[in-house]
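Structure at a glance
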Amino acid sequence: MNKLNKLRNFVTIVEKQSFTEAAKVLYQSLPSTSRQLSELEEEIGNNLLIRDTRSLMLTEFGRIYYEEAKGLLKHYDDLESLAFLHKKEPEGTLKILAPAYAINKYIIPYISEFRALYPKITPVLEVAERIPRLHNEDVDICMAIELTMEQVEENTRDVVKKFMFKITGVLCCTPEYARIHGIPKTVDEIKNHPYITHTIRSNPKSLRLKDENIILEPYLYVNSAQTMIACTKNHIGIMQCLSSYIKDELESGELIEILPELSPDADFYMYYKKVRYLEPKVGKFVDFIFSKLDSDTLTVFDSWTRRIDKKDDVV
């Protein structure tokens, strides 16, 4: 008889306060139940129970031993449940919230392969430029810039965040705008230009540069990066936008970068709730996407976006 069975036998006797009831629960004979307890006491060299004809009472050592044994059995049962859960084919809907460029570049190219591997997982993609509340929304995974995501304090607690890449915030305008209005050559000159900002930012009036933030009075507020780009391409003003959104425009010259030496970097992460046992559907997706990010054949990183090594954070 292994030690684990003897521990379970002992814990059940204590909880049922009866050898007979414990034997019924464990589907074993009364002599076997009594014998296992005696063998356990002999092995550890201490009495665990004081027995009389009317009641059972734990010894002081038995009380301590019972609490530890109960905890050990709980951990063992949890491990067994976890192993069983992950043996099963993962299934269910997987809600993923991310901005358009992240979904377009880091999910859509691989979604068919993921579905072929895990046909019972159904991704639900929400293209959004908003800050979710991970603990209060039906969101399994979020991909976002650290500075944006963690504007909401609750998103910094009991959350796992896995670093994906560094991205640059580019201050830019059109050549036509530059021809008419000129290009700011200093930080102070930026304040003299109509500034287009995104409402998702913690302070839409604040322009983040490499070594400082400056406060501007925005000319226009929008809640969409694509709309912000469209406004800029229509020569309305200057904007700061993530490099991934405007890669083609920068390379073609449709947009030109302003003060590139002051462009700030931002960290982009994948976020999901920290739970005792991660759901298989979440774990499989995270592992799958990061296997693609680490692949030598990955081509989604461009000259404006760079990958660096960084450990996972649990906050």
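The structure presented is a predicted model; accordingly, all values stated were derived computationally and were not measured. (Residues numbered from 1 in each chain as written. Predicted model: local features only at pLDDT ≥ 70, side-chain atom pairs only at ≥ 80, totals over all residues. Heavy atoms only, no water.)

So, on to the side chain of glutamate 154. In this structure, glutamate 154 sits in the loop between helix H7 (146-149) and strand E6 (159-173). Looking at glutamate 154, the relative accessible area reads 13%, which means it is buried. A distance of 3.0 Å separates the side chain of glutamate 154 from the side chain of arginine 133, its partner in a polar contact. Within polar-contact distance, the side chain of glutamate 154 engages the side chain of asparagine 136 at 3.1 Å. Sequence-distant contacts of glutamate 154, defined by excluding residues within four places in its chain, comprise Arg133, Leu134, His135, Asn136 and Val159. (Helix = DSSP H or I, 4+ residues; strand = E, 2+ residues; numbered from the N terminus. Buried < 20%, exposed > 50% of the residue type's maximum accessible area, 1.4 Å probe, protein only. Polar contact = N/O pair within 3.5 Å; in protein donor to acceptor, adjacent residues only side chain to side chain. Contact = heavy atoms within 4.5 Å.)

A separate point is the environment of leucine 242. Along the chain, leucine 242 turns up in strand E11 (residues 238-242). A relative accessible area of 17% means that leucine 242 is categorised as buried. Each C-alpha atom of the pair leucine 242 and glycine 169 lies 4.5 Å from the other, and the pair is 73 residues apart in sequence. With residues up to four places along the chain from it excluded, the contact list for leucine 242 reads Tyr101, Ile145, Ile167 and Thr168.

The N-to-C vectors of helix H2 (residues 19-26) and helix H3 (residues 30-44) enclose an angle of 105 degrees; their axes lie 8 Å apart at closest approach. By the criterion of interaxial angle, the relationship of H2 to H3 is roughly perpendicular. Of the residues in H3, those touching H2 at Phe19, Thr20, Ala22 and Ala23 are Leu30, Thr33, Ser34 and Leu37. Residues belonging to the contact of H2 with H3 are distributed by class as follows: five nonpolar, three polar and no charged. (Axes fitted to C-alpha atoms, helices over the stretch in contact; angles between N-to-C directions. Parallel < 35°, antiparallel > 145°, perpendicular 65-115°, else oblique. Nonpolar A, V, L, I, M, F, W, Y, C, P; charged D, E, K, R; others polar.)

Looking now at helix H12 (residues 280-293). Along its 14 residues, H12 runs 20 Å from first to last C-alpha, staying within 8% of the 20 Å computed at 1.5 Å per residue. Counting buried residues in H12 gives 11 out of 14 residues, a clear majority hidden from the surface. Of all the residues in H12, the buried ones are Pro280, Lys281, Val282, Gly283, Phe285, Val286, Phe288, Ile289, Phe290, Lys292 and Leu293. (Expected span 1.5 Å × (residues − 1).)

Applying the stated criterion to the full structure yields 12 aromatic pairs. On the basis of an interplanar angle of 50 degrees and a centroid distance of 6.1 Å, the ring pair of phenylalanine 10 and tyrosine 65 is categorised as tilted. One end of the pair, phenylalanine 10, is in helix H1 (residues 3-16); the other, tyrosine 65, is in helix H4 (residues 60-87), and 55 residues separate them in sequence. You'll find phenylalanine 10 and tyrosine 65 in the same group, each marked buried. Here phenylalanine 163 and tyrosine 269 contribute two aromatic rings whose centre-to-centre distance is 5.5 Å and whose plane-to-plane angle is 75 degrees, an arrangement assigned as edge-to-face. You can see phenylalanine 163 sitting in strand E6 and its partner tyrosine 269 sitting in strand E13 (residues 265-273), a full 106 residues away along the chain. The burial state of phenylalanine 163 is the same as that of tyrosine 269; both residues are buried. Through a chain of ring-to-ring contacts, the aromatic side chains of Tyr101, Tyr106, Phe165, Tyr245 and Phe268 assemble into a single cluster. Stacked on the ring of tyrosine 269, the Lys or Arg lysine 161 has its end atom at 4.7 Å from the ring centre. (Phe/Tyr/Trp six-rings, centres within 6.5 Å; stacked < 30°, edge-to-face > 60°. Lys NZ or Arg CZ within 6 Å of the ring centre and 35° of its normal.)

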